[in-house]
Amino acid sequence: MFTALGELVSRYPRWVLGVWFALGLAALPFNTHVGDVLNAQPDAPQHGNAAIVQDLLATSFANPEEAALVAVAHGVAVHAGTPEYAAELDAIKAKLLASDGVTYVQDYRSASGLDLLDAQNDLSIMLIGIDANDLSRGKAVTEGVRRVLTAEKAMRFDLSGGPATVIELEEVSTRDARRAELFGLPISLLILLVAFGAVVASLLPLLSAVTSIAISLALLYFLGQVIQFAVFTETIVTMLGLATGIDYALLIVNRYREELRSTFDARKAAARTAATAGKAVAFSGLTVMVALMALLVPPVAFIRSIGIGTMVVLVVSVLVAITAVPATLALLGHRVNWLRVTRREPGLRTRAFWRARAIAIMRRPWLWSIAGVGILVLLALPSLRMQVADPGARGLTTATDARRTLTALEGLGLEGLLNPFDVLIDFGSDGFFRPENVRKVSLLTARLKELPRVSGVSSPMALEGVPRLFLYQYYATKETALNSEIAPLARATISRDGRYVLARVVPGGDLTPAAGAEVYRGMEEALAAAQLDARIGGVYVQGSEWTKALYAYFPLALALVALVTAVLLGWAFRSLLIPIKAVLLNALTVGATFGFLTLVLQDGVFTKLFGVGSVLGYIDTSAPLFIFAIVFGLSMDYEVFLVARIHEAHEKGMSDHDAVATALSSTGGVITSAAAVMVTVFALLLFSHVELIRTLGLGLTVAIILDATLVRLALVPSVMTLAGRWNWWLPGPLARLAERARRAGH
């Protein structure tokens, strides 16, 4: 098949390039609008407590507080707490309530049961309820709220929570994608110039990557009409498109120059390149695709959408590399070496170096094998205590409204306002408006306030300024409550039919997984003591249930990827040992990466060295799964590139020692250059304002460095040297099956 493909692209290069040029032009009007379809957010499992509570709040309460924005009002021309400040707030509240979709506005003077005024720091908190049936509606209402707030001159506002944070994440994601392109492309060009020694050869991988990204984003726009993609999809697709687009084209160009030196015929060299390197790239892309399928295993739409996005850009990158790049090379011929930046023959400068390294490693294979595995195991050990959680607004930098809002809430001891627990009490047909039930809620509220790590409770009984006797009288009947001074609180915390009561618990401090579990257990004990039937939901519980749903399928994803990858490698190289070795070494690389992330992002080791700053004390929930899928896949890239050359040399009759030396001398420079490009692209993600993206950047950078140096250029040659002829052994039945498949392929 690849021989026929090589003949096609070398015989009709202008037609092939014409098709890709037309696709690129057609994609331009759409790839710039991909942000319009990036709406998916992590959702709680459909049948979990968080989703049930959220649904009841939205359908049974007059003011469903789960759809609330948090605004920080900083005094500019007026000082917080003064009559002038209060008058400005009244004017703003009137404008907000007149806006489409705003259901209520609460400030420090409202009956919310929370202290929302920080006069010392000249600010106060406003809670803005919005009517948002879906995210698109919520974003539209939020934009209207933002316009009202930004028009005010006497105050300055930071807006966060719900759709406001989603909008900000979309803006940050777009900036991250542009940064990757703006800085990644020129730095990659410098690396390619060092690798190829010629400007024309160095530009081809960049053009391949840009084409792949442009077409992929346009495809995502069309897929987005039926699939909701996560807000970070554009950043991850751009990052992966740059890395794989450049790397695959780099391999093709490198092999073409080798073939051109031996044939002196541009078309024949292009055909051979597509048949050999094109096959390696296609197979490598297939193994990466298998790894990315791990993102499709968990029944979580947010994760699956990013998985689909990465698979789209991978397929496009492979197709561009095996068709458009060889076609371009067929037309360029020897001009691929134009504009040299070195006097030495391009492409031959590092062969002697890597051959010497291979021979040195193969002289002491046991030493390199034991030392290499030992280093990876030591790095992996900290991963055994890795904790994961959703950081919420804490996963953003102070350059964002969401993080500045969190800082203001921290000053009031109310940082948990963005991460609350919703205790929904069900009184059944009796309803809340009975003396004994009012008393139970009063006792529960008192117990909840006394819990460690709880800074505030909002419930029908959480009113410090109203005597308790008056509250009992107000709640004698529904009509009395709704016609009294506590009516706003009653509407927010009691369902329309009186069956459900909401107690919103605001935790204090940053909720690590352990701290959140402690608060949750305390609430369960308080409910049991009060003998109340209730469900606990809210933002924290939603994140916890989402994490459980994700990681319940993590082992299955790992097992499927490892199994399918092993089968593919075994079939390709007709070996039992090579796929086992590849899977084990990749697993060690992923484990070492997780251990390194635990040391840096959870324990705070080397934070200044990597510019991470303060740490969360845990890892972002979805980062490990993303890192596993991408690292496992990209590691197989280098495995296929190197082992394919070893297998090719072995098929020509070379000894295992000579085959390894020859393969490493011809691919060592390519693997190093490809890794340098990937490290450049991934390292740029460390400058993101989003913790998830920064975690991906750090994890992928470390993983590629480990894989391209310690694993591929040391462990693989040493292990294959030790294995000798066993590298190519298969049990009898499997060997006969592989031989029949090989003959059928020919």
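Structure shown above.
Visitor: Looking at this structure, how should I read a nonpolar patch on the surface?
Guide: Judged by side-chain polarity, Leu-576, Leu-577, Ile-580, Leu-584, Trp-726 and Trp-729 come together as a nonpolar surface patch covering roughly 560 Å² of accessible area. Structurally, Trp-726 can be placed in the loop between helix 24 (691-723) and helix 25 (732-745). Trp-726 sits in the partly exposed class, given a relative accessible area of 46%.

Visitor: Quick question: what am I supposed to make of the pairing of strand 11 (residues 500-507) here?
Guide: Moving residue by residue along a regular strand, the side chains alternate between the two faces of the sheet. Strand 11 sits mainly inside the fold: eight of its eight residues count as buried. Burial along strand 11 is two-sided: the face carrying Tyr-500, Leu-502, Arg-504 and Val-506 and the face carrying Val-501, Ala-503, Val-505 and Pro-507 are both buried. Summarising the sheet, strand 9 (residues 421-426) and strand 11 pair through six bridges and their orientation is antiparallel. Paired with Asp-426 across the two strands is Tyr-500, which belongs to strand 11.

Visitor: Honestly, the sheet that holds strand 10 (residues 454-458) in this entry has me stumped. Any pointers?
Guide: Each strand in a sheet pairs with its neighbour through backbone hydrogen bonds, running either in the same direction (parallel) or in the opposite one (antiparallel). Ordered by their spatial adjacency, four strands build an open sheet running 10-11-9-12, and the pairing between neighbours is antiparallel. Taken across any chain shown, the strands that pair with only one partner, and hence form the sheet edges, are strand 10 and strand 12 (534-538). Each neighbouring strand pair of the sheet contributes to a mean axis angle of 25°, computed without reference to strand direction. The sheet strands contacting helix 14 (residues 435-450) are strand 9, strand 10 and strand 11, and the helix crosses strand 10 at an angle near 160°. Packed onto the sheet, helix 19 (residues 539-552) meets strand 9 and strand 12 and runs at close to 85° relative to strand 12.

Visitor: Any chance you could explain the side chain of Ser-188 here in plain terms?
Guide: One can find Ser-188 in helix 6 (residues 163-196). When its relative accessible area of 0% is taken as the criterion, Ser-188 is described as buried. When neighbours within four sequence positions are excluded, Ser-188 is seen to be in contact with Leu-206, Ile-246, Val-677 and Val-681.

Visitor: Whenever I open this one, the packing of helix 14 against helix 18 (residues 513-530) confuses me. Can you help?
Guide: To describe two helices that pack against each other, one gives the angle between their axes and the distance between the axes. Interaxial distance between helix 14 and helix 18 falls to 10 Å at its minimum, and their mutual angle equals 150°. Between helix 14 and helix 18, the angle is such that the two are roughly antiparallel. The way helix 14 lies across helix 18 gives a crossing that is right-handed. Between helix 14, through Lys-440, Leu-444, Arg-447 and Leu-448, and helix 18, the contact on the second element is made entirely by Met-523, Ala-526, Leu-527, Ala-529 and Ala-530. When the residues that make up the contact of helix 14 with helix 18 are grouped by side-chain class, the tally is seven nonpolar, no polar and two charged.

So, how was this worked out
Residues numbered from 1 in each chain as written. Predicted model: local features only at pLDDT ≥ 70, side-chain atom pairs only at ≥ 80, totals over all residues. Heavy atoms only, no water. Patch = residues over 30% accessible without salt bridge, like charges linked within 9 Å, V, L, I, M, F, W, Y side chains within 5 Å. Areas by Shrake-Rupley, 256 points an atom, 1.4 Å probe, with all protein chains shown as cover. Salt bridge = Lys/Arg side-chain N within 4 Å of Asp/Glu carboxyl O. Helix = DSSP H or I, 4+ residues; strand = E, 2+ residues; numbered from the N terminus. Buried < 20%, exposed > 50% of the residue type's maximum accessible area, 1.4 Å probe, protein only. Pairing = 2+ DSSP bridges. Axes fitted to C-alpha atoms, helices over the stretch in contact; angles between N-to-C directions. Contact = heavy atoms within 4.5 Å. Parallel < 35°, antiparallel > 145°, perpendicular 65-115°, else oblique. Left-handed = near helix turned anticlockwise from the far one by under 90°. Nonpolar A, V, L, I, M, F, W, Y, C, P; charged D, E, K, R; others polar.

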